[in-house]
Amino acid sequence: MTVTVFVPRDAAALAVGADKVAAAIAREASARNLDVKIIRNGSRGMLWLEVLVEVRTPQGRVAYGPVKASDVPSLFDAGFLTGGAHRLAHGLTSEIPFLKGQTRLTFARCGVTDPLSLEDYRHYKGMRGLEAAVAMSPADIVKQVTDSGLRGRGGAGFPTGIKWKTVADAKADQKYIVCNADEGDSGTFADRMIMEGDPFVLIEGMAIAAIAVGAAKGYIYTRSEYPHAIAVMQEAIEIARREGILGASVLGSPHAFDMEVRVGAGAYVCGEETSLLNSLEGKRGIVRAKPPLPALEGLFGKPTVVNNVMSLASIPVIMDRGAQFYRDFGLGRSRGTIPIQLAGNLKHGGLYETAFGLTLGELVNDIGGGTITGRPVKAVQVGGPLGAYFPQALFDTIFDYEAFAAAGGLIGHAGIVVFDDTVDMLAQARFAMEFCAIESCGKCTPCRIGAVRGVETVDRIARGDAAAIPLLESLCSTMKAGSLCALGGFTPYPVMSALTHFPQDFDRMKEAAE
């Protein structure tokens, strides 16, 4: 009897030896004359357990991890092919607490299926959303997405249905769907995990968006640092073309839609939608003034939907299960689920998809398990390098767009980076300004010049010049109000939150006296 073993092909697993583990399992099975089929799946998102090896048994999939190539012989000796006991055994994968507590809608298949098996994808309820969409009018698709309450998961939180309606109502001979997969925020990896672990869900979401707004061409814009995601997406697109999902007739319908992957050079500012569009057009990646909005004059001057990977990957389940099903998750104006990425100084780093509504403290302490060093948490940055730093005093903040805004922060791409009590928050504030200075496209003065002056001002504070603190506050105010895009406009969030919540780290004269 053939036994199926799953070894992830996700970049996080590859980084800790997944290819060597897969090769060792194949060798050991051959040497023992055992019939083993190895499937290279995506990651389940429990990164502290990578390489996570799973075995299909009559009771369900059994997990072992973190597995190294040197562990493979002992796994075979312990009878892991039948779910045998071993020091690396975790029982049924579905019962691991980190995974069991999640509500997986967008990531329902990630880590479960062979990413490039369309048969697997369909078996696990894939393509149902697109099948429903081709039988609906474009206006009804837009209404369903609007009624679901889905907001942009890339950080801005703009209602997806409103953006789609704007493009759908625009008159033009050509329209485009652009997927912003330029995932550049620190502590984020959800986009990459979907592209590597469940690429067809992104293709399906983009095809639905195309039918809804009348677009015939789509682009996935990602960064050169994602070679595995690029390769998987390109192969998945070829498969989708061969199977009639893309091309002149989407699933046999009158709708035509095709797409391709475009690779950027890794400029952080190209995560901003207008810089991204410039880069796609072969121009320098600099911010455009708005208006006109990309929904009306976007790629090559045509109406364009620009959505993040998570937004587009959420569409198939909305079209399959209905707007109300999706809307029933979450609270307030934050509906559905959000894939939260836990990183930094944390015991259980990884991806946790859940409905909006958990507190920051629950995410860090209960789900993340606290710091890996065992030291107290000092600060948590939410929303990437431009996100605010939250102290433990704000751990009761609900993970919700409005709640975070009220607390002086932003959810962004839902990346959470944890720091223990050894972190120097003045150094973190300096890093934010330095990051902005390096990554600025240079178009607007508040960002281009302000960030450079910000580094200089923080350095003055570090030398004990307390008079420079009001100057830093004024500079942040100017950058926030005057920058053309979020790079300069959001850099004040980490700087001001560090200054507000951790003033002791900015009092260098007091430190020197002590």
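Conventions we followed
- Each residue is numbered by its place in its chain's sequence as written, counting from 1.
- The model is predicted, so local features are restricted to residues of pLDDT at least 70 and side-chain atom pairs to those at 80 or more, both for listing and for counting; the totals for chains, interfaces and linings are taken over all residues.
- Each side-chain value is worked out from all heavy atoms of the structure, with water and hydrogens disregarded.
- Strands here are runs of E lasting at least two residues and helices are runs of H or I lasting at least four, both read from the DSSP assignment and numbered beginning at the N terminus.
- Based on C-alpha atoms, the radius of gyration is set beside the globule rule, defined as 2.2 Å times the residue count to the power 0.38.
- Categorising residues by exposure relies on relative accessible area from a 1.4 Å probe, with only protein chains included: less than 20% of the type maximum marks a residue as buried, more than 50% marks it as exposed, and the intermediate range marks it as partly exposed.
- Contacts: residue pairs with any heavy atoms within 4.5 Å of one another.
- Note on areas: Shrake-Rupley with a 1.4 Å probe; residue coverage comes only from the protein chains shown.
- Here Asp and Glu are counted as negative and Lys and Arg as positive; His is not counted, and neither are the chain ends.
- Think of each charge as sitting on NZ of Lys, CZ of Arg, CG of Asp or CD of Glu.
- Note on geometry: axes are C-alpha line fits, over the in-contact stretch for helices, and angles between N-to-C directions span 0 to 180 degrees.
- Between 65 and 115 degrees an angle is taken as roughly perpendicular, under 35 as roughly parallel, over 145 as roughly antiparallel, and anywhere else as oblique.
- In this scheme the handedness of a crossing depends on how the near helix is turned from the far one: anticlockwise by less than a right angle means left-handed, clockwise means right-handed.
- Per the annotation, domain bounds derive from an automatic or database assignment of domains.
- Summed over both partners, the accessible surface that disappears when two parts come together, traced with a 1.4 Å probe, is what is meant by buried area.
- By definition, a salt bridge exists where a carboxyl oxygen of Asp or Glu is found within 4 Å of a side-chain nitrogen of Lys or Arg.
- Gly is placed with the polar residues, together with every amino acid not listed as nonpolar (Ala, Val, Leu, Ile, Met, Phe, Trp, Tyr, Cys and Pro) or charged (Asp, Glu, Lys and Arg).
- In protein, a polar contact requires one atom able to donate a hydrogen and another able to accept it; more generally it is a pair of N or O atoms within 3.5 Å, and residues adjacent in sequence count only if both atoms are side-chain atoms.
- Two strands pair under a simple rule: DSSP has to find at least two bridges between them.
- Aromatic rings from Phe, Tyr and Trp, taking only the six-membered ring of Trp, are treated as a pair when their centres fall within 6.5 Å; an angle between ring planes under 30 degrees marks them as stacked, one over 60 as edge-to-face, and anything in between as tilted.

Participant: I keep staring at the overall build of the protein and nothing clicks. Help me out?
Facilitator: Each helix and strand in the protein was counted, giving 22 helices and 16 strands. In terms of overall dimensions, the protein is globule-like: its C-alpha atoms have a radius of gyration of 24 Å, near the 24 Å expected for 514 residues. With the principal axes as the frame, the protein shows a C-alpha extent of 75 × 60 × 40 Å. In the protein, which comprises 514 residues, the share counted as buried stands at 57%. In the protein, of all internal contacts separated by at least 6 residues, the share reaching a separation of at least 24 is 70%. Of the roughly 19500 Å² of accessible surface on the protein, 53% is carried by carbon and sulfur atoms. The protein carries 51 positive and 55 negative side-chain charges, and their two centres are separated by 3 Å.

Participant: Mind showing me how you'd approach the packing of helix H19 (residues 468-482) against helix H21 (residues 492-501) here?
Facilitator: Axes are the key here: two packed helices are described by the angle between their axes and the distance separating the axes. At a minimum axis separation of 10 Å, H19 and H21 run at an interaxial angle of 150°. Relative to H21, the element H19 lies roughly antiparallel. For the pair H19 and H21, the sense of crossing is left-handed. Together, Ile 469, Leu 472, Glu 473, Cys 476, Met 479 and Lys 480 of H19 and Pro 492, Tyr 493, Val 495, Met 496 and Leu 499 of H21 make up the contact between the two elements.

Participant: In this structure, what is going on with the domain arrangement of the protein? I would like to understand it.
Facilitator: By a widespread convention, an interface's size corresponds to the accessible area lost as its parts come together. When the domains of the protein are assigned, the result is domain 1 (3-101), domain 2 (118-328), domain 3 (330-420) and domain 4 (425-505). Taking only C-alpha atoms into account, the centre of domain 2 sits 26 Å from that of domain 3. On the domain 3 side, the residues contacting the 23 residues of domain 2 number 25 residues. Buried area between domain 2 and domain 3, both sides added, is near 1800 Å², and the carbon and sulfur share of it is 55%. Sorting the residues of domain 2 by area buried against domain 3 places Arg 151, Arg 153 and Phe 189 first, and these three jointly supply 32% of that buried surface. The interface formed by domain 2 and domain 3 includes one salt bridge. If one sorts the elements of the side of domain 2 that touches domain 3 by residue count, helix H9 (residues 190-197) sits on top with three residues. Here the residues of the side of domain 2 that touches domain 3 are counted per class, giving six nonpolar, ten polar and seven charged.

Participant: For this particular structure, what's the right way to read the side chain of Asn 345?
Facilitator: Position of Asn 345 among the secondary structure elements: in the loop between strand S12 (337-344) and strand S13 (350-355). Accessibility expressed as a relative area gives 15% for Asn 345, which makes it buried. A distance of 3.0 Å separates a polar side-chain atom of Asn 345 from the backbone nitrogen of Ile 372. Side-chain polar atoms of Asn 345 contact the backbone nitrogen of Thr 373, separated by 3.4 Å. Leave out the neighbours within four places in its chain, and Asn 345 touches Gly 370, Thr 371, Ile 372, Thr 373, Val 418 and Asp 420.

Participant: Is there a simple way to explain the sheet that holds S12 in this structure?
Facilitator: Strand pairing within a sheet occurs via backbone hydrogen bonds; the two strands may be parallel or antiparallel. Overall, mixed pairing links the five strands, which are arranged S13-S12-S16-S14-S15 in an open sheet. In this open sheet, the two edge strands, each paired with only one partner strand, are S13 and strand S15 (389-390). Looking at chain direction, strand S14 (residues 377-382) and strand S16 (residues 415-420) are connected through five bridges and run antiparallel. Paired with Val 382 across the strands is Ile 416, a residue of S16.

Participant: How do you make sense of unusual backbone geometry when you look at a structure like this?
Facilitator: With the exception of glycine, the majority of residues adopt a negative phi angle, and the majority of peptide bonds are in the trans configuration. The peptide bond linking Glu 50 to Val 51 adopts the cis configuration, its omega dihedral lying at 10°. Within the fold, Val 51 resides in the loop between strand S2 (36-39) and strand S3 (53-57). Here Lys 290 and Pro 291 are connected by a cis peptide whose omega angle stands at 0°. Turning to its location among the elements, Pro 291 is positioned in the loop between helix H12 (273-280) and strand S9 (304-308). Of note in the backbone geometry, Met 127 takes a positive phi value of approximately 75° without being a glycine. Structurally, Met 127 can be placed in the loop between helix H5 (118-123) and helix H6 (128-134). Under the relative-accessibility criterion, Met 127 is labelled buried at 0%.

Participant: Looking at this model, I keep getting lost on the sheet that holds S2. Mind explaining?
Facilitator: Read from one edge of the open sheet, five strands run S2-S1-S3-S4-S5, paired in mixed fashion. The open sheet has two edge strands, S2 and strand S5 (89-92), and neither has a second partner. For this sheet the average axis-to-axis angle between neighbouring strands, irrespective of direction, equals 25°. Both strand S1 (residues 3-6) and S3 contribute to a ladder of two bridges, which runs antiparallel.

Participant: So what exactly am I meant to see when it comes to the packing of aromatic side chains here?
Facilitator: What characterises a pair of aromatic rings is the spacing of the ring centres plus the angle enclosed by the ring planes. As enumerated under the stated definition, the model contains 15 aromatic pairs in all. Centre to centre, the rings of Tyr 389 and Phe 419 are 5.9 Å apart; their planes meet at 65°, and the pair counts as edge-to-face. A residue pair is termed long-range when its members are at least 10 positions apart, and Tyr 389 in strand S15 and Phe 419 in strand S16 qualify at 30 residues. Residue classification places Phe 419 among the buried positions, given a relative accessible area of 18%. Measuring from centroid to centroid gives 5.9 Å for Phe 431 and Phe 435, while their planes differ by 40°, and the two rings are tilted. In this pair, Phe 431 and Phe 435 are both assigned in helix H17 (residues 425-439), four residues apart and thus about one turn of the helix distant. Looking at Phe 431, the relative accessible area reads 39%, which means it is partly exposed.

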